[in-house]
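Fold and geometry: a report
Spelled out from the first residue to the last, the chains are:
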Amino acid sequence: MQNRENRKLKPGMSMSLNNIPVVTVTESETLRPGEEVPDIRGCQSHPCSPRYKRRAFTTTIAGTKYIIVANPPDRAKDDSSVGAKNGQLSRAGSLTVLRRTNSKSKLPSTSSSRTSSIAESDSYASVDLGTDKLPPIDTPEASHVCSIRLRNILRRIQNGEVSKEDLHKNLEYAASVLESVYIDETSTSKDTTKNSVETPTSFPKSPPERLTDEDDELSEVEPDAVPTEVRDWLALTFTRSMSNVRRRGLEKPKFRSVAHAIRAGIMVDRIYRRLSSSATLHIPPAVLQLLKGMDDWSFDVFSLNSAADGHSLKYVGYELLQKYDLVTKYKINSSMLDSFLLQLEVGYSKYKNPYHNLVHGADVAQTVHYILSQSKLAHWLTDLEVFATIIAALIHDYEHTGTTNNFHIQTGSEFAVLYNDKAVLENHHICASFRIMRSEEANILNHLSREEYREFRALVIEMVMATDMSFHFQQLKNMKNLLGMPENIDKQKALSLVLHCADISHPAKDWNLHRRWTSQLLEEFFKQGDREQELGLAISPLCDREKTLVAESQIGFIDFIVDPSFAVMTEMLEKILTPLQKAARSEDAISEEVFDKTDKSKYILSTPWSDCLADNKNKWKVQAAKDAEERKQKEAEELSKETSNTNNNTTKPIAPPGGPTPAVSCSAGKGGN
């Protein structure tokens, strides 16, 4: 329009909405009185098309401004039931009423695009019956556009112009919108002035008013920090809409405001597992009480074995698989698991070893668990890697013969021949254990995919093979080299070192445990020495029960084997977990719950083994001094006894009564007779 004017109602002239023949309600933020209505889609058949010039005026009803635009009669909708009144409208035309919202929280930079998008959606809703280009159901525009669409459908139904397919799609869309509106309206309104995000269909998507906004959402905790059912419980209990989390698809739930929810969730999860494990496996009350100490470094596995009537490996294995939710995640049948653990115990007891028995297997598995859980190394691992680590610890000495690899090689045993003198026992532990897991009655791996099984088997093999003591120094050297490089630590090598340290960890436990383990290990060594002596073989070091210096051997074992191994493992854990701590802090995660630390700039690992090693070493030194004094005193007594015997055996010659004893010639003696 070239001469655009802004008409106003003259005094005494009334205008009632009842006189409006056809009303189409849309929204506008920028349209001014007397201004043409924009048509983004360019649909010439639309009553608001700019092809037709028209006038508009503004009125206010109940605090809301309405811009009423007159449309030409020839483009009016068919509404013969509406007639002209008071001579204001001589023909059946239509009016378009554009409602201007009174919201003060406008974004000037986006108002124009918002108006265009709304006009576009209004036009599409009133012209077409498709649902492909309608706004997403969880946006504020969806309910408004849906109302326009339903009114359009109502008019078309009266004229018989709606197909059954179109009606079905639109009613389904409307039902989804109503469900979304119900969820939003029953929530507490939060901040609604955040920037909107454009959707792929170009409709503006402003953040709906959700009860669970960012200050009341689940934080991004590491995947294996909280089991799946605990996450669901947290979302259901500490947020007020579970559907909000599910509707966001791949977005991870957050919970940044209540850190204690994680603690509560883990507590409930443990109670649940305790109850569920009791339902599938009868655990004596005394055993249940002792299993509560599984998270202690110096866990008394001997007391557990006594309370469990010699089944400590079975209960420790079951408890660990429950703690990490592996029974549920990998759908392990309870009867198969029970059969697997019982067969492990039978294999560990096959040779009646004083040291390498089922109690040792249970102790190593518990020690591995302590390192995984208390250092939070489990957060660095996948569920499958944790599963493989626990199983590797349980089977690592399965069917141990009570003798060393060197003994098998020297005696040419069947195992040595079978495995070509290479890691003889370790190869057998793995081979025999996987035979159990392949059996029909104990196949705890039957729900793993091919890829998962290959990964699981490769990791178990790598870890158990690393328990061969002949690889000890090479293993430490390789890890030290890795620690000096900026690259990440290989998971197989890291877990192998963890299992190796757990296997030799008894000198790093409390003195009463360490002393008992030492006594049993030396007894096993001495039995091998006895067999070597019977076979005419050289007695192996520490296997001679008459000459072995117990205290000195343990001091050397601590100084040159155990202490350096744990030092390297500690450095490895700090290198692995420090970046995880920094990442958790940068993402505003609950780092105080994930990491036990005092220095916020660096990850500090709790190392209870350090004090135990130092204490045990000092006690062995005291014992060594006593043993040395006893040996010295014993040697003195033996020397004194030998001297006394020598003196008693020395006598003076008695002369014959007939005269002096004749001299005897040596040469005459050799040549006599």
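The model shown is predicted, which means the values in this text are computed figures rather than measured ones.

Below, the discussion takes up the overall build of the chain. Along its length, the chain carries 24 helices and six strands. For the chain, the residues scored as buried account for 44% of the 673 residues in total. Here the analysis covers contacts within the chain between residues at least 6 apart in sequence; of these, 72% occur between residues at least 24 apart. When the accessible surface of the chain is summed, it comes to about 36,500 Å², and 52% of that surface belongs to carbon and sulfur atoms.

Compared with the 27 Å implied by 1.5 Å per residue over 19 residues, the 29 Å span of helix α2 (residues 140-158) between its first and last C-alpha is a close match. All of the buried residues in α2 are E141, A142, H144, V145, C146, I148, R149, N152 and I153. Just past α2, the residue G160 takes up positive phi, approximately 70 degrees.

On to helix α13 (residues 383-395), then. With 13 residues, α13 should reach 18 Å at 1.5 Å per residue; the first-to-last C-alpha distance of 19 Å fits that figure. In terms of burial, α13 is largely enclosed, as 12 of its 13 residues are buried. Burial in α13 covers these residues: L384, E385, V386, F387, A388, T389, I390, I391, A392, A393, L394 and I395.

Turning our eyes to something else, we now look at a negative patch on the surface. Residues E635, E637, E638 and E642 make up a contiguous surface patch of negative charge. Assignment of secondary structure puts E635 in helix α23 (residues 608-649).

Turning our attention to the nonpolar core. Ranked by size, the top nonpolar core spans 104 residues in total, and within it F340, F387, I391, F456, M569 and M572 carry the most contacts. No other element matches the 12 residues that helix α21 (residues 550-586) contributes to this core. Not counting residues within four places of it along the chain, the set of residues in contact with F456 comprises L384, F387, A388, I391, F434, L445 and L448. L134, C146, Y173 and A174 belong to the second-largest nonpolar core, a separate cluster that totals seven residues.

Another point: the packing of helix α12 (residues 358-374) against helix α19 (residues 491-503). Following both chains from N to C, one finds α12 and α19 inclined at 130 degrees, their axes separated by 9 Å at the closest point. Taken together, the axis directions place α12 and α19 in an arrangement best described as oblique. The two elements α12 and α19 meet at a crossing, and its hand is right-handed. Contacts from H360, V364, T367, V368, I371 and L372 in α12 reach L495, V498, L499, A502 and D503 in α19.

Of note in the backbone geometry, K331 takes a positive phi value of approximately 50 degrees without being a glycine. When you line up the elements, K331 lands in the loop between α10 (326-329) and α11 (334-348). Assessed through its relative accessible area of 58%, K331 is described here as exposed. Residue N420 is not a glycine yet carries a positive backbone phi of 55 degrees. Looking at the secondary structure, you find N420 in the loop between α15 (414-418) and α16 (424-438). Using a relative accessible area of 58% as the deciding quantity, one classes N420 as exposed.

Rules used throughout
Residues numbered from 1 in each chain as written. Predicted model: local features only at pLDDT ≥ 70, side-chain atom pairs only at ≥ 80, totals over all residues. Heavy atoms only, no water. Helix = DSSP H or I, 4+ residues; strand = E, 2+ residues; numbered from the N terminus. Buried < 20%, exposed > 50% of the residue type's maximum accessible area, 1.4 Å probe, protein only. Contact = heavy atoms within 4.5 Å. Areas by Shrake-Rupley, 256 points an atom, 1.4 Å probe, with all protein chains shown as cover. Expected span 1.5 Å × (residues − 1). Patch = residues over 30% accessible without salt bridge, like charges linked within 9 Å, V, L, I, M, F, W, Y side chains within 5 Å. Salt bridge = Lys/Arg side-chain N within 4 Å of Asp/Glu carboxyl O. Lys, Arg positive; Asp, Glu negative; His and termini not counted. Charge placed at Lys NZ, Arg CZ, Asp CG, Glu CD. Core = buried A, V, L, I, M, F, W, Y, C linked by side-chain atoms within 4.5 Å. Axes fitted to C-alpha atoms, helices over the stretch in contact; angles between N-to-C directions. Parallel < 35°, antiparallel > 145°, perpendicular 65-115°, else oblique. Left-handed = near helix turned anticlockwise from the far one by under 90°.

Fair warning: the whole summary comes from geometry, so function is off the table for now.
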